[in-house]
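Notes for the structure review
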Amino acid sequence: MRRLTGAVFQSLDGVMQAPGGPDEDPTSGFRFGGWSFQFWDESLEKPFGKVIDAEYDLLLGKRTYDIFSAFWPNNRDNPIGERFQRINKYVLTHSEEPLSWEHSHRLSGDAAKAVAELKRTDGRDLLIQGSSTLYPPLLAAGLIDRLVIMVFPVVLGEGKSIFDGSRAAGSLKLTEHFVSDKGVAFLSYEPAGDVPTGSFATKPPSEDELELRQKIEEGNW
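Now for a description of the structure that goes with this document. (Residues numbered from 1 in each chain as written. Predicted model: local features only at pLDDT ≥ 70, side-chain atom pairs only at ≥ 80, totals over all residues. Heavy atoms only, no water.)

**As for the nonpolar core**
Selection criterion: Here the nonpolar core consists of buried residues drawn from Ala, Val, Leu, Ile, Met, Phe, Trp, Tyr and Cys, with membership extended through side-chain atoms lying within 4.5 Å. The buried label applies to any residue whose accessible area, calculated with a 1.4 Å probe on protein chains only, is under 20% of its type's maximum; exposed applies above 50%, and partly exposed to all values in between. Only DSSP runs of H or I with at least four residues qualify as helices, and only runs of E with at least two residues qualify as strands; both kinds are numbered from the N terminus onward. The contact criterion used is simple: two residues touch if any of their non-hydrogen atoms lie within 4.5 Å.
Leu-58, Phe-84, Met-150 and Phe-152 are the most contacted members of the largest nonpolar core, which has 30 residues in total. Elements with a minimum of two residues in this core: strand S1 (4–11), helix H1 (45–52), strand S2 (56–61), helix H2 (62–71) and strand S6 (146–152). Setting aside chain neighbours within four positions, we find Leu-58 in contact with Phe-68, Phe-84, Ile-87, Asn-88, Lys-89, Tyr-90, Leu-127 and Gln-129.

Structural data, given as C-alpha cells:
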C-alpha cells in the first residue's frame, strides 16, 4: 500500500494559495502571491528536505499540474525540477485536455475512489503539492497518511485552504515539529482516530448553568 503525504505551505489563518510567486495563482483576485518568500531561510532546508527529497510520485489537482508543467520542465537544472521531471505525476481532473508533461497520468471520477485505487497499486509513495481541492475528499475518506503543514507567521485574510468544503472530524498525532529562525512552524501529523472530548468542570453544574443549558436546548440562546 502506497502512503500518501500532503505537504502544505500555509498562512496563520489557513490560506495556502500561491506561496511561491506573484503570478503563481491569482484566481479570485488573490493579491499576495509569493507570501512565503520573505520567511524562507536556511533553517527550513533540513525539515523541508526530508519531504521534498524523499522518493515519491506526485498527486496533483489539474490547476496545480498546469502551474507545475509550465514551470518545472523549463527549470530542470534545479534538483526539484529534475526530480519532478522523472517521476510520475498523477492528476485528478475532469478535463479531457491532454497531459503533455512526461510521465503524467490522468485520474478521473470520484477523487476518493480514484486515490484509494492508486494507493493499492505498486510504486512509490505519493506526495500532494498545492492542489487545495484534493484535501477535503481525501481527508474525509481517511486517505492521507501524513499531513505536513508549514505555518508561516502571516495573516492573508482570504484565499484557498485545504479545509475548504466538507470534511470529517478526527484527531491527529504530532510526529515531528520544528520552528525556524523566522518563526515558521514545521508540523508533521498522522491520523489518530476520533476526536476525544472531556470537561474541565470539577463539580456539578450550578442552577445558572442548568438554566443556560435549557435555553440552548430550546433554541433561545
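That covers the picture; the talk isn't over yet.
**So, empty space enclosed by the protein**
Which entries qualify depends on this criterion: The distinction between a cavity and a pocket rests on a 1 Å grid over the protein atoms alone: a 1.4 Å probe fits inside a cavity but cannot get out, while a pocket stays open yet meets protein on both sides within 12 Å along at least five of seven lines, and a residue with an atom within 4 Å of a point counts as lining. Grid points are joined across faces, edges and corners, and a volume is the space filled by probe spheres set on the points.
Going through the model one piece at a time under the given rule, you end up with 1 cavity of 30 Å³ or more. Within this model, the largest cavity holds a volume of roughly 30 Å³. Ala-7, Val-8, Phe-9, Phe-48, Val-51, Val-148, Met-150 and Phe-186 together form the lining of the largest cavity. Secondary structure elements with two or more residues in the lining of the largest cavity: S1, H1 and S6. With 3 residues, the single largest contributor to the lining of the largest cavity is S1.

**A few points about the sheet that holds S1**
This is how the line gets drawn: Whether two strands pair depends on DSSP finding at least two bridges between them. Angles shown run from 0 to 180 degrees and are taken between the N-to-C directions of axes, each axis being a line fitted to C-alpha atoms and, for helices, limited to the stretch in contact.
Strand order in the open sheet made by the 8 strands is S4-S3-S2-S5-S1-S6-S8-S7, with mixed pairing throughout. Lying at the two open borders of the sheet, with one neighbouring strand each, are strand S4 (104–107) and strand S7 (172–179). Neighbour-to-neighbour, the strand axes of this sheet turn through a mean angle of 25°, independent of strand direction. Here 4 bridges tie S2 to strand S5 (residues 125–129), and the two strands are oriented parallel to one another. Paired with Leu-58 across the bridge in S5 is Leu-127. Running over the sheet, H2 touches S2, strand S3 (89–92), S4 and S5 and is turned about 115° from S2.

Geometric descriptors of this kind do not, in isolation, establish any biological role.
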